[in-house]
Amino acid sequence: MTQQKQTPNYTFALIVMFIVCFLIGFITTMNNSMIECCKNAFKLTDTQGQLVNTFFYGAYILAIPFSMLMNKIGYKKTLLAGLVVVGLGFVLNFLCINNNLQSDVATIYTYFLCCMFVVAMGVVMLQNVANPYVMVLGKPESGAFRMTLSQALNSLATTVAPFFIISVILQGKEPKNAEPGDIPSPYLILGIVTIVLAAVLLMLKLPEIKEEEQAADAGEVKEYKSSVFKYPHVWLGALAIFMYMGLEIGIPSMLPAYFKADPTLAEAKFDFWFLHIGGSATSWLPLYWLGMMIGRFIGAGILTKFKPRAILTTCLLCGAACVGLSFLLSGLSSVIAMLAAGLFHSVMWPLIFNLGLQELGPHTKAASGVINTGVIGGATLPLLMGAVVDNPSLGVGIAIAMMFIYYLYELWFCWRGSRIGLSKK
C-alpha cells in the first residue's frame with residue numbers, strides 16, 4: 001500500500017517572511033518619507049530631493065544578478081546576506097555622517113545617499129527572496145492571497161515609518177527645521193537590530209524549496225522553456241512594476257511640492273480618532289500609508305472570493321478616479337482625495353507580481369529578479385516628476401497628471417500583457 005506523502009507545514013517559514021516584508025516596508029517608506037527632511041537639512045531643490053529615491057530604488061538594477069545568486073545559494077543564505085547588508089548600510093550611514101558633521105552639506109548628503117544605496121542593495125536581496133518564497137510556501141492557487149497578506153504587513157510598516165521619522169529622527173521638530181545632525185543617530189540602532197535578526201535566523205531552520213519538485217509532488221506534468229527570458233509576461237511584468245512605482249511613490253514624493261504650491265495647506269488640520277495631523281506634508285503621509293495597509297488587509301480577504309484580474313482592474317479605475325478628483329477639488333479636500341488613492345494602490349504590487357510569476361516552475365527565482373528590476377521606476381519616475389515640478393512652465397499639476405499614463409499601462413498588462421507567452425489563457 002502506497003503511503004500518502006504528508007503536506008509540508010510552512011507556517012513558521014511564512015511568519016519569518018512576514019517579518020521580512022514588514023522590515024522591507026519600514027525601510028522603503030522611511031527612505032521615501034525622508035525627502036522633505038533632506039530637502040530642508042541639505043538645502044535641496046525638488047529634483048535634488050528626489051535623489052533619495054533615485055539612489056535607493058536605483059539599487060534594483062542589481063535584482064537580476066542577485067536572483068542569479070539566489071539560484072546558486074538558495075533562499076535562506078540570500079535572506080541572511082540581505083539582512084547583513086542592510087545592517088551594515090545603516091551602521092555606515094551613522095559613522096559617515098556623524099564623523100563628518102563639520103563638512104559642507106553637499107558632502108554629507110553624498111555620504112547619506114551612498115550609504116542608503118548600500119541599504120537598498122540589502123533590501124533588493126530581501127525583496128528577491130520574499131516574493132517567490134511566499135508564492136511557493138503553499139498551494140499555487142492561494143499564492144495571490146499569501147502575497148497580499150505579506151504586503152498588508154508591509155503596509156503596517158509603511159504606516160509606522162512616518163511616525164518613526166517625526167518622533168524618533170526629528171524628535172518632534174518640524175521637517176522644515178531639520179538639520180544634517182538629526183538624521184544618523186537612529187540608523188545605528190536600526191543597523192544593530194537588523195544584524196541581530198540575521199544572527200537569530202542563522203540558527204533557525206527554513207525549508208529550501210525546489211519549485212520543479214514541488215510541482216511534481218502536486219501531480220503537475222508540464223514542460224518549461226529553457227530560459228526565463230523566453231517568457232514575455234515576465235518582462236512585461238517588470239515594466240508593470242516600473243509603472244506601479246510611479247503610482248505608489250508618486251503621491252508621497254509629490255506631496256511636499258503640492259504643499260509648496262498652495263501655502264494655505266500648511267494651516268489645514270485633520271482630526272480623527274487618534275490621528276491629529278496638520279502642518280507639513282510629512283505629517284499627512286501616514287494617511288496614505290494607512291490607506292494602503294487597510295486596503296491590503298481587505299484585499300487578503302476578498303482575494304478568496306474574486307479573481308485577481310477583476311480586483312486589480314477595480315483598484316486601478318478607483319485609484320485613477322481619486323487622483324482625477326484631486327484636480328477638481330481644492331485645498332484640504334484635494335489632498336485627502338489624492339491620499340485616498342493609497343487605499344486602491346494597496347493590492348496592486350502583489351497582484352502584478354503574481355501575474356508576472358505565473359507558470360514558471362524552476363524559473364520562479366530568476367523571474368523574481370527580472371520583475372524586481374522594475375522597481376527602478378521608483379528611482380526614475382519620481383526624479384522625472386521632480387524635474388517637471390522644477391520647470392516653471394509645467395509644475396506639480398502636470399507631474400501628478402503623468403500618473404494617468406501609469407494607470408493605462410497597468411490596465412493593459414492586467415488583461416493582455418500578463419497573458420502573452422503563457423500556455424494557458
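This structure is a prediction, so every number in the text was calculated from the model and none was measured.

**Some points on the overall build of the protein chain**
- Regarding its fold elements, the protein chain presents 20 helices and two strands.
- In the protein chain, which comprises 425 residues, the share counted as buried stands at 57%.
- Summarising the internal contacts of the protein chain: among those between residues at least 6 apart in sequence, 83% fall at separations of at least 24.
- Accessible surface, the protein chain as shown: approximately 17,800 Å² in total, 67% of it carbon and sulfur.

**Looking at the confidence of the model for the protein chain**
- The predicted model of the protein chain has a mean per-residue pLDDT of 79, with 83% of residues at 70 or higher.
- Across the protein chain, element-level confidence peaks in helix 20 (residues 403-415) with a mean pLDDT of 95 and bottoms out in helix 9 (residues 211-217) with 52.

**Looking at the packing of aromatic side chains**
- Across all of its chains, the model carries nine aromatic pairs by this definition.
- For the pair Tyr 109 and Phe 112, a centre-to-centre distance of 6.5 Å together with 15 degrees between the ring planes defines the contact as stacked. Taken together, the residues Tyr 109 and Phe 112, both in helix 6 (residues 105-136) and three residues apart, mark about one turn of the helix.
- Among the residues examined, Phe 112 registers a relative accessible area of 0% and is labelled buried.
- For the pair Phe 327 and Phe 404, a centre-to-centre distance of 6.4 Å together with 40 degrees between the ring planes defines the contact as tilted. Linking Phe 327 in helix 13 (residues 308-328) with Phe 404 in helix 20, this pair joins segments that are 77 residues apart in sequence.
- Classification of Phe 327 as partly exposed rests on a relative accessible area of 41%.

**So, the side chain of Glu 248**
- For Glu 248, the position within the fold is in helix 10 (residues 232-248).
- Polar contacts involving the side chain of Glu 248 include one to the side chain of Tyr 244, which spans 2.4 Å.
- Leave out the neighbours within four places in its chain, and Glu 248 touches Tyr 288, Trp 289, Met 292, Arg 296 and His 345.

**Re helix 20**
- Between the first and last C-alpha of helix 20 there are 19 Å, a value that for 13 residues agrees with the 18 Å anticipated at 1.5 Å per step.
- When helix 20 is considered as a whole, its buried residues turn out to be Met 403, Tyr 406, Tyr 407, Tyr 409, Glu 410, Phe 413 and Cys 414. For helix 20, the angular spread of the buried residues around the axis is 165 degrees, confining them to a single face. Away from its buried face by more than 90 degrees, helix 20 exposes Ile 405 and Leu 408.

**Description of a nonpolar patch on the surface**
- On the surface, Phe 12, Ile 192, Val 196, Val 200, Leu 202, Met 203 and Leu 204 cluster together to form a nonpolar patch covering roughly 670 Å² of accessible area.
- Looking at which element gives the most residues to the nonpolar patch, the answer is helix 8 (residues 185-202), with four residues.
- Tracing the sequence through the fold places Val 200 in helix 8.

**Here's the deal with the state of the cysteines**
- A complete count under the given rule lists zero disulfides for this structure.
- Counting only cysteine sulfurs, Cys 96 is the nearest neighbor of Cys 115, a cysteine outside any disulfide, at a range of 4.0 Å.

**A few points about the environment of Leu 126**
- Looking at where Leu 126 falls in the secondary structure, it is placed in helix 6.
- C-alpha separation for the pair Leu 126 and Ala 81, spaced 45 residues apart in sequence, amounts to 8.5 Å.
- Dropping the residues within four chain positions of it, Leu 126 is found in contact with Val 20, Leu 23, Ile 24, Leu 79, Gly 82, Leu 83 and Val 86.

**Considerations on helix 18 (residues 377-390)**
- Between the first and last C-alpha of helix 18 there are 19 Å, a value that for 14 residues agrees with the 20 Å anticipated at 1.5 Å per step.
- Of all the residues in helix 18, the buried ones are Gly 377, Gly 378, Ala 379, Leu 381, Pro 382, Met 385, Gly 386, Val 388 and Val 389.
- Contact partners of the buried residues in helix 18: helix 3 (46-49), helix 4 (51-58), helix 10, helix 11 (250-261), helix 19 (396-401) and helix 20.

**Structural notes on the environment of Leu 255**
- Its location among the elements puts Leu 255 in helix 11.
- In this structure Leu 255 comes out as buried when scored by relative accessible area, which is 0%.
- Sequence spacing of Leu 255 and Trp 284 is 29 residues, and the spatial spacing of their C-alpha atoms is 8.7 Å.

**Topic: the packing of helix 10 against helix 11**
- Helix 11 packs onto helix 10 with a crossing angle of 35 degrees between their chain directions and a minimal axis gap of 4 Å. Where helix 10 approaches helix 11, its residues Met 245, Gly 246, Leu 247 and Glu 248 are matched on the opposing element by Gly 250, Ile 251 and Pro 252.
- Class assignment for the residues of the contact of helix 10 with helix 11 results in four nonpolar, two polar and one charged.

**Quick notes on the environment of Leu 411**
- One can find Leu 411 in helix 20.
- The exposure class of Leu 411 is partly exposed, given its relative accessible area of 24%.
- For the pair Leu 411 and Thr 314, spaced 97 residues apart in sequence, the C-alpha separation works out to 9.7 Å.
- Dropping the residues within four chain positions of it, Leu 411 is found in contact with Thr 313, Leu 316 and Leu 317.

About the criteria used
- Residues numbered from 1 in each chain as written.
- Predicted model: local features only at pLDDT ≥ 70, side-chain atom pairs only at ≥ 80, totals over all residues.
- Heavy atoms only, no water.
- Helix = DSSP H or I, 4+ residues; strand = E, 2+ residues; numbered from the N terminus.
- Buried < 20%, exposed > 50% of the residue type's maximum accessible area, 1.4 Å probe, protein only.
- Contact = heavy atoms within 4.5 Å.
- Areas by Shrake-Rupley, 256 points an atom, 1.4 Å probe, with all protein chains shown as cover.
- pLDDT = per-residue confidence, 0-100.
- Phe/Tyr/Trp six-rings, centres within 6.5 Å; stacked < 30°, edge-to-face > 60°.
- Polar contact = N/O pair within 3.5 Å; in protein donor to acceptor, adjacent residues only side chain to side chain.
- Expected span 1.5 Å × (residues − 1).
- Arc of directions from axis to C-beta.
- Patch = residues over 30% accessible without salt bridge, like charges linked within 9 Å, V, L, I, M, F, W, Y side chains within 5 Å.
- Salt bridge = Lys/Arg side-chain N within 4 Å of Asp/Glu carboxyl O.
- Disulfide = S-S within 2.5 Å.
- Axes fitted to C-alpha atoms, helices over the stretch in contact; angles between N-to-C directions.
- Nonpolar A, V, L, I, M, F, W, Y, C, P; charged D, E, K, R; others polar.

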